[in-house]
Amino acid sequence: MLLTRIITALVLLAVLLPALFAASPVPFIALTLLFIAAAAWEWARLNGVAGTGALATGVLCAVLCAGLWGAGAVESALPVLWIAVGVAWVLGGIWLLGRGVPAWGRLARALRWVLGLAMLCAAWLALAQARRVGINFLLSVLVLVWAADIFAYFAGRALGGRFTRGRKLAPSISPGKSWEGVWGGMLGVLAVGACWITWDGAHADAAPSLYSRLYEFGLAGLIWGVVFMVGMSVAGDLIESLVKRSAGQKDSSQLLPGHGGVLDRIDALLPTLPLAMLLVSVVSRFA
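For the structure given in this document, a descriptive report is provided here. Being a predicted model, the structure only gives us computed values, none of them experimental.

## Section: the pattern of salt bridges
So, point 1. One pass over the full model with this rule turns up three salt bridges.
So, point 2. With a closest N to O distance of 3.5 Å, Asp237 and Lys177 form a salt bridge. Of this pair, Asp237 sits in helix 10 (residues 218–247) while Lys177 sits in strand 2 (residues 174–178), and the two are 60 residues apart along the sequence.
So, point 3. Taking the relative accessible area as the measure of exposure, Asp237 reaches 16% and is therefore buried.
So, point 4. Here Lys244 ties to Glu240 by a salt bridge, and the two come within 3.5 Å at their closest N and O atoms.

And the structure:
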C-alpha cells in the first residue's frame with residue numbers, strides 16, 4: 001500500500017511539476033481542467049448519478065471550464081464572483097456542518113449535482129487565475145493547505161483530546177479529527193507564512209505570496225487571515241467527508257491508487273482557492 005502511494009505520488013509530480021513551472025500558464029491550466037473533470041465524475045457518483053450520467057457530468061464540467069477560459073474569465077478580475085463564492089462557502093459550510101450528514105441526503109439530488117458542478121468550476125477558475133497571478137502565489141496557497149494537514153496530523157496524534165477533554169472536532173463526520181489538530185495546523189501554517197514572507201522579501205521579483213498579501217494588513221491581518229484560511233480548508237475537508245458518509249463511501253473513487261480519488265486530494269482546496277482570489281481581487285485594494 002505504501003509503495004503504491006509513493007508510485008502514484010511520483011507519477012503525479014512528474015506530470016504536474018513540468019506543467020506548473022512552464023513559462024506559460026497554459027499547460028498547467030489545461031492539465032488541471034482534466035483533473036477537475038475527473039473530480040466532477042466522482043461527485044456525480046457520490047450523489048447518485050452513475051454510469052453514463054457520471055461520465056456526462058465530467059464532460060460537462062470540462063466544457064464549462066473550457067468555455068470560461070475561452071470567454072476570457074481566466075484573465076479577468078472577477079471580484080463579484082469571488083465575493084459570492086466566498087459567502088456561499090462560509091454560510092453553506094456553517095449550515096451543512098451544523099446539521100450533519102443527514103441534511104445532505106435530504107437535499108434534492110439535482111440540487112446536490114448543481115452545487116457540486118458550480119463548486120468545482122469555481123475552484124478550477126480560481127486555480128487558473130492563481131497560476132496567472134504567479135507561481136509563488138499559487139504555491140503559497142497550495143502549501144497552506146498541505147502544511148495545515150501535515151501539522152494537524154502530528155499535533156492531533158501528540159495532543160489530541162489533551163486540552164478539550166476528548167471532545168472531537170466533528171465525531172459524526174470525521175472521528176479522527178481533533179481540535180488540537182486544527183490549532184496545531186494553524187500554528188504550523190503561521191510558521192510557514194513567516195518563513196515565506198522572509199523569502200518574498202529577498203526575492204522581490206516574484207509575485208507576492210498569499211502570506212505577504214495578508215501581512216500588508218500587519219501582523220493581525222496575517223494571523224486572522226491564516227486562521228480563517230486554515231479553518232476553511234478544514235471545512236472543505238469535512239464537507240467532502242460528509243458527502244462520502246452520506247453516500248456510504250470511504251473514498252471518492254480509486255482513480256489515484258493508494259490515495260483514493262481526485263476529490264480526496266483537492267477537497268480542502270475547493271474553498272481556499274476562491275478565497276485566495278477574493279483576497280487578490282478585492283481585499284488587497286484596501287491594504
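So much for the structure itself; the text now carries on.
## A closer look at a nonpolar patch on the surface
So, point 1. Together, Leu2, Ile6, Leu10, Leu13, Leu17 and Phe21 give the surface a local cluster of nonpolar side chains, amounting to about 600 Å² of exposed area.
So, point 2. Locating Leu2 in the fold gives a position in helix 1 (residues 2–20).

## Some remarks on the environment of Ala130
So, point 1. With respect to the helices and strands, the residue Ala130 is situated in helix 6 (residues 109–133).
So, point 2. Residue Ala130 is classed as buried on the basis of its relative accessible area, which comes to 1%.
So, point 3. A C-alpha to C-alpha distance of 12 Å links Ala130 and Val26, two positions 104 residues apart in sequence.
So, point 4. Apart from residues no more than four positions distant in its own chain, Ala130 is found in contact with Phe137, Leu138 and Met277.

About the cut-offs
Residues numbered from 1 in each chain as written. Predicted model: local features only at pLDDT ≥ 70, side-chain atom pairs only at ≥ 80, totals over all residues. Heavy atoms only, no water. Salt bridge = Lys/Arg side-chain N within 4 Å of Asp/Glu carboxyl O. Helix = DSSP H or I, 4+ residues; strand = E, 2+ residues; numbered from the N terminus. Buried < 20%, exposed > 50% of the residue type's maximum accessible area, 1.4 Å probe, protein only. Patch = residues over 30% accessible without salt bridge, like charges linked within 9 Å, V, L, I, M, F, W, Y side chains within 5 Å. Areas by Shrake-Rupley, 256 points an atom, 1.4 Å probe, with all protein chains shown as cover. Contact = heavy atoms within 4.5 Å.

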